[in-house]
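The primary structure of each chain is shown beneath.
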There are 2 protein chains.
Amino acid sequence: MARHEYDRERFIPIPEEILEIYSTWRPTPLVRAKRLERVLNTPARIYYKNEAVSPPGSHKANAAIAQAYYAKSQGIKRLVTSTTAGQWGSALAFACTFFDLECTVYMPRVNCQQKPYRKNLIESWGGQVHPSPSEHTDIGRKMISEDPNNMGTMATAKSEALDDVLSDDDSRNAVGSIMNFVLATQTVIGEEAKTQLAEDYNDYPDLVVGCVGGGSNFSGIAWPFFRDMVEKKTEMDFLGVESTAAPRLTMGEYLYDHADTSRRSPLFKMYTIGHSFVPPPIHTGGLRVHGSAPSLSIMVKEGIVRPIAYNQVEVFEAASLFSRTEGILTAPETAHAIRGVIDEAKKCKESGEKKVILFNHCGHGLLDLESYVEYNAGRIQENNADPIKVRQAIQHIKDLYPWINK
Amino acid sequence: MARHEYDRERFIPIPEEILEIYSTWRPTPLVRAKRLERVLNTPARIYYKNEAVSPPGSHKANAAIAQAYYAKSQGIKRLVTSTTAGQWGSALAFACTFFDLECTVYMPRVNCQQKPYRKNLIESWGGQVHPSPSEHTDIGRKMISEDPNNMGTMATAKSEALDDVLSDDDSRNAVGSIMNFVLATQTVIGEEAKTQLAEDYNDYPDLVVGCVGGGSNFSGIAWPFFRDMVEKKTEMDFLGVESTAAPRLTMGEYLYDHADTSRRSPLFKMYTIGHSFVPPPIHTGGLRVHGSAPSLSIMVKEGIVRPIAYNQVEVFEAASLFSRTEGILTAPETAHAIRGVIDEAKKCKESGEKKVILFNHCGHGLLDLESYVEYNAGRIQENNADPIKVRQAIQHIKDLYPWINK
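Conventions and cut-offs
Residues numbered from 1 in each chain as written. Chains lettered and ligands numbered in written order. Predicted model: local features only at pLDDT ≥ 70, side-chain atom pairs only at ≥ 80, totals over all residues. Heavy atoms only, no water. Contact = heavy atoms within 4.5 Å. Buried area = accessible area lost by both parts, 1.4 Å probe. Salt bridge = Lys/Arg side-chain N within 4 Å of Asp/Glu carboxyl O. Polar contact = N/O pair within 3.5 Å; in protein donor to acceptor, adjacent residues only side chain to side chain. Helix = DSSP H or I, 4+ residues; strand = E, 2+ residues; numbered from the N terminus. Nonpolar A, V, L, I, M, F, W, Y, C, P; charged D, E, K, R; others polar. Least-squares fit on C-alpha atoms with pLDDT ≥ 70 in both. Domains from an automatic or database assignment. Expected span 1.5 Å × (residues − 1). Buried < 20%, exposed > 50% of the residue type's maximum accessible area, 1.4 Å probe, protein only. pLDDT = per-residue confidence, 0-100. Phe/Tyr/Trp six-rings, centres within 6.5 Å; stacked < 30°, edge-to-face > 60°.

Enquirer: Can you walk me through the interface of chain B and chain A in this structure?
Expert: Put simply, an interface is often sized by how much accessible area is lost when its parts join up. Chain B puts 36 residues into the contact, and the matching count from chain A is 36 residues. Of the roughly 3200 Å² buried at the junction of chain B and chain A (both faces included), carbon and sulfur atoms supply 59%. At the boundary of chain B and chain A, one finds two salt bridges. With a closest N to O distance of 3.5 Å, B:Glu20 and A:Arg35 form a salt bridge. Remark: the boundary between chain B and chain A carries six residue pairs in polar contact (both at pLDDT 80 or more). At the level of elements, helix H2 (16-22), helix H3 (34-40), helix H5 (87-98), helix H7 (116-124), helix H15 (312-325) and helix H17 (369-376) of chain B are the ones that each hand at least two residues to the side of chain B that touches chain A. Looking at the side of chain B that touches chain A residue by residue, the class counts come to 18 nonpolar, 10 polar and eight charged.

Enquirer: Is there a simple way to explain the relation of the copies chain B and chain A in this structure?
Expert: Each copy of the chain is related to the other by a rotation around an axis and a translation along that axis. Overlay of chain B on chain A (RMSD 0.0 Å): rotation 180 degrees, translation along the axis 0.0 Å. Classification of the inter-copy transformation places it as that of a two-fold axis. Among all residues of chain B, the minimum C-alpha distance to the rotation axis is found for B:Val53, at 2.7 Å. Both copies share a contact surface, since 100% of the interface residues of chain B are interface residues in chain A too.

Enquirer: Just to check I follow, could you spell out the domain arrangement of chain A for this structure?
Expert: Residue and element names in this part refer to chain A. Taken domain by domain, chain A holds domain 1 (2-57 + 186-400) and domain 2 (60-173). The straight-line distance from the C-alpha centre of domain 1 to that of domain 2 is 23 Å. The interface is formed by 36 residues belonging to domain 1 together with 36 residues belonging to domain 2. With both chains or domains summed, domain 1 and domain 2 bury close to 2900 Å², and 59% of this area falls on carbon and sulfur atoms. Considering only the surface of domain 1 that becomes buried against domain 2, Pro 56, Arg 264 and Leu 367 emerge as the three largest contributors, covering 22% of it. At the boundary of domain 1 with domain 2, the tally comes to one salt bridge. The shortest N-O distance in the salt bridge between Asp 163 and Arg 264 comes to 2.4 Å. Counting only elements with at least two residues in the side of domain 1 that touches domain 2, the list comes to helix H2 (16-22) and helix H11 (188-201). Per element, the largest residue contribution to the side of domain 1 that touches domain 2 is four residues, and it comes from H2. The residue makeup of the side of domain 1 that touches domain 2, split by class, is 15 nonpolar, 12 polar and nine charged.

Enquirer: What am I meant to see in helix H9 (residues 154-166) of chain A here?
Expert: Working note: α-helix, 3.6 residues per turn, so residues spaced by three or four point in the same direction. Residues and elements named next belong to chain A. In this model H9 runs 18 Å from its N-terminal to its C-terminal C-alpha over 13 residues, within 8% of the 18 Å that 1.5 Å per residue would give. When you tally the buried positions in H9, you get 11 out of 13 residues, the bulk of the element. Among all positions of H9, only Ala 155, Thr 156, Ala 157, Lys 158, Ser 159, Glu 160, Ala 161, Leu 162, Asp 163, Asp 164 and Val 165 are buried. Contacts from the buried residues of H9 go to strand E3 (78-82), strand E4 (102-108), strand E5 (128-132), helix H8 (138-146) and strand E6 (171-173).

Enquirer: When you look at the confidence of the model for chain A in this model, what are you seeing that I'm missing?
Expert: When pLDDT drops low, the exact placement of atoms in the prediction is not to be read closely. Of the residues in chain A, 99% have a pLDDT of 70 or more, and the chain-wide mean is 94. Model confidence for the complex is summarised by a pTM of 0.93, with the ipTM given as 0.89.

Enquirer: Teacher, can you tell me more about the packing of aromatic side chains here?
Expert: Each pair of aromatic rings is reported with the distance of its centres and the angle of its planes. Residues and elements named next belong to chain A. Summed over all chains, the structure comprises 33 aromatic pairs over all chains. The interplanar angle of 70 degrees and the centroid separation of 5.9 Å between the aromatic rings of Tyr 22 and Trp 25 together place this pair among those described as edge-to-face. Relative accessible area serves as the criterion here: at 4%, Tyr 22 is assigned to the buried category. With relative accessibility at 4%, the residue Trp 25 sits in the buried group. Between Tyr 69 and Phe 99 the ring centres are 6.1 Å apart and the planes differ by 65 degrees, which places this aromatic pair in the edge-to-face class. Residue Tyr 69 is located in helix H4 (residues 60-73), and its partner Phe 99 is located in the loop between helix H5 (87-98) and E4; the two are separated by 30 residues in the primary sequence. Since its relative accessible area comes to 10%, Phe 99 is described here as buried. Through a chain of ring-to-ring contacts, three or more aromatic side chains come together here, namely Tyr 22, Trp 25, Phe 94, Phe 98 and Trp 125.

Listed below in structure tokens is the structure:
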């Protein structure tokens, strides 16, 4: 995978063994959201690529299978990782079953409590889950001694996973997002979508939309179209949708920062709100991260990808409309993309533009039903990030590394 | 739908509107279970049709969409139904969203408690759920007054649904199984499977396996192959797998009985353990029924379909093996079929027979995770039906209708 991280080839062939496993749920459906279009009364044509049909329920399965395959071929015995919403952790536990690998997952306490089903799912596939901070690692014990009520974030879980893996030669860290090699394995989504759009609908998108946490589902659908834009010089619009609880792209800065709170990861040049910033709790663990992938960040910096942020209430409104028009109970993460799509489709109604919008329906919400119960009961809050704390956390990384973060 | 119940045509065309909705998840994948074959070291080839990819997570979506469509076209405003595991109820709520129909679901209290997520899912699609027995109907109030701790069965829920619908002219009862017109809508599964097996694998089954509750998923996959058997005089073996908690086909009798406990439904000639028999609680609400479809029952009676019953422990063993080989967390209902498949594949290992086995993977277990937690903790019991009570319940229907049940 390290080789893939720096590979300069445009295409990396997918090994036969991976294709065989993919074939049990891929190609995923490419669907035109006709009823949503009708309800919005928009001239836009809306398509979605439904990654929710994978056995763990999201696009994360694509990257997990690839990493488990390469780990096995290198003689690794155990994969260790961190997960927030649990989509990545369950995808990795799923992938490890195919290659007889052990799987250890660190998951923030808050997410273990909010999404016990995801934890159970990981365990059903034979994975071991440690609610983070845990007593299982040095850094975890340190965090607990400093604050026994620390409910954890992706960053604390990531720190513990690193701690664990560094103490065991037969283990490797598996990564669900951020890195180029992870994002590359997700481009199967966009490549498939392009073929399906052409063959089944004779269509091509003007706008590609995805939600953005680390950036893997967004890049997975967007990159293959970005390639067309570069190669064929087509006009193309990209919209990355994040949460106002962790507004990296819209409120953060393009700086060098760590991916983890314990500052063990290399520094990445990316949009960040600072590794010390703790986003308010939201029902969208997958987007509750402080930084986005360097490769995606530079596309935002260059103005190729437009970022937008929505709060929880706006997002659940969109999810509710989608489930009642398209019949799919979507993941709260995915609902961010849907909210972006709806607003773009409404603009088309005003302008009369027959825009073709493609978005990545990256996961289902069947294991997020508590959050829908909360929403239906009117108990969902906006939970926006505090701008002052964001500014402080950004200043913190500038103070830490002044020579590269001017 | 009444017309379809007695239709003598071999094929009923699927309306365009239904096909359009089906196309969002159909055709469902037809997968060869290679890793399961390898672990079992069997010469058999095992294929499964994966109906779990539908948005509500099971084959029930097929019948629900059809009924909602026909209800809407007849000016009906509301569909009322009963559900046990919640697969049917959620499929109907899902279907009603496409046709702007109201949806009312009666669900046994025991299932509402065991599967709160299914209840939430129905509500997320705008359906209203009444835990049965409920205070919402005359028969419900009567049952509660007789036994305040009545936890309900499919039969009590069905009685309440009938009671509700009979008091409202704009409503109709939607039915998830048993009736010919329901089973007919499921044959899309077997028809697709036949085409996929031929085109993608150049293969044809010797044995078709499905779990059996009311009979809709089993008939859906089996009937199209039974047609070949009749028309082309091919040799064909069918295995119907039920639960030892509700052993209609293996311990029941072929008699006239009601589908509900309040004896309002017509009498059906079917395998039954008696409408007054209350199966022990199991994590498999969908198979916890006292009678199976007349059309399936007669195939059992004629020796065309072989029945077999497994207990809960045997079934979860199979589910666990399946999730760790094929990577799919299966519904406990579906796990019955898998247990049957595994045992047949083991027989092939002994005999050396290269049998081609096809089974219906009718639903996923993502909303049944509690039962997996119970199983992994060693807390799953066999919970077999008490043979004496079965005998008493059967005698009861013989005493009620002696002139037809000799």
